[in-house]
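Tertiary structure, described
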Amino acid sequence: MNIWIEYWEKSKEPSKNTHAQMREQASWVPPDPEKVRKRFCQSREDAVIYARSMEEQGYHTIIKQDNGGY
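Described below are features of the structure shown in this document. (Residues numbered from 1 in each chain as written. Predicted model: local features only at pLDDT ≥ 70, side-chain atom pairs only at ≥ 80, totals over all residues. Heavy atoms only, no water.)

1. Some remarks on the pattern of salt bridges
Inclusion rule: Whenever Lys or Arg places a side-chain nitrogen within 4 Å of a carboxyl oxygen from Asp or Glu, that contact is recorded as a salt bridge. We count a stretch as a helix when DSSP gives it H or I for four or more residues in a row; a strand needs E for two or more, and each element gets its number in order from the N terminus. Exposed residues in this analysis have more than 50% of their type's maximum accessible area, buried residues have under 20%, and partly exposed residues fall in between, with area computed by a 1.4 Å probe over protein chains only.
Taken as a whole and judged by the stated rule, the model has one salt bridge. As a salt-bridge pair, Lys64 and Glu6 come within 3.2 Å of each other at their nearest N and O atoms. With Lys64 in strand 3 (residues 59–65) and Glu6 in strand 1 (residues 3–9), this residue pair connects regions lying 58 residues apart in the sequence. For Glu6, a relative accessible area of 12% corresponds to the buried category.

Here's what the structure looks like:
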């Protein structure tokens, strides 16, 4: 089983929606695949620690794992 983190920088553009005036529901915009970086980890605990660190530095993170089957 492989565990990895995909991370990319948060957008620098200011949001057009505020809590006071919602123009529309915010929708998910997938990141540019060329800007997504991957980091493989030995365990899920290591992945969580690294993901939190990257989030504090201004990145979006996703922890992924495969099922390990052939």
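2. Here we look at the sheet that holds strand 3
Quick note on the threshold: Strand pairing follows a simple DSSP-based rule, namely that at least 2 bridges must link the two strands. A fitted line through C-alpha atoms represents every axis, and for helices the fit uses only the stretch in contact; the resulting angles, taken between N-to-C directions, go from 0 to 180 degrees. Contact criterion: two residues are considered in contact whenever any of their non-hydrogen atoms come within 4.5 Å of each other.
Read across the open sheet, the three strands follow the order 2-1-3; overall the sheet is antiparallel. Both outer strands of the open sheet, strand 2 (37–41) and strand 3, are each paired with one neighbouring strand and no more. When strand polarity is set aside, the average angle formed by the axes of neighbouring strands in this sheet is 25°. Inspection of the sheet shows strand 1 paired to strand 2 by five bridges, in the antiparallel sense. Bridged to Ile5 within strand 2 is Arg39. Running at roughly 165° to strand 3, helix 1 (residues 44–56) makes contact with strand 1, strand 2 and strand 3 of the sheet.

3. Notes on the packing of aromatic side chains
Rules: Stacked, tilted and edge-to-face are the three classes assigned to paired rings of Phe, Tyr and Trp, where Trp is represented by its six-membered ring and a pair needs centres within 6.5 Å; plane angles under 30 degrees give stacked, over 60 edge-to-face, the rest tilted.
Counting across every chain of the model gives three aromatic pairs. Between Tyr7 and Tyr50 the ring centres are 6.1 Å apart and the planes differ by 70°, which places this aromatic pair in the edge-to-face class. With a gap of 43 residues between them, Tyr7 in strand 1 and Tyr50 in helix 1 connect regions that are remote in the sequence. Comparing Tyr7 with Tyr50 shows no difference in burial state: the two are buried. Each ring, one from Tyr7 and one from Tyr59, has its centre 5.6 Å from the other, and the planes form 85°; the classification is edge-to-face. Placement of the pair is Tyr7 in strand 1 and Tyr59 in strand 3, with a sequence separation of 52 residues. No difference in accessibility class separates Tyr7 from Tyr59, as the two residues are buried. An aromatic cluster is defined as three or more aromatic residues linked by ring pairs; in this entry it consists of Tyr7, Tyr50 and Tyr59.

4. Quick notes on the side chain of Glu6
Rules: Whenever a nitrogen or oxygen atom comes within 3.5 Å of another N or O atom, the pair is scored as a polar contact, on the condition that within protein one atom can donate a hydrogen and the other can accept it, and that pairs from neighbouring residues in sequence are kept only if both atoms are in side chains.
Within the structure, Glu6 has its side chain in polar contact with the side chain of Trp4 (distance 3.3 Å). A polar side-chain atom of Glu6 sits 3.2 Å from a polar atom in the side chain of Lys64. Apart from residues lying up to four places away in sequence, Glu6 is in contact with Val36, Arg37, Lys38, His60, Thr61, Ile62 and Lys64.

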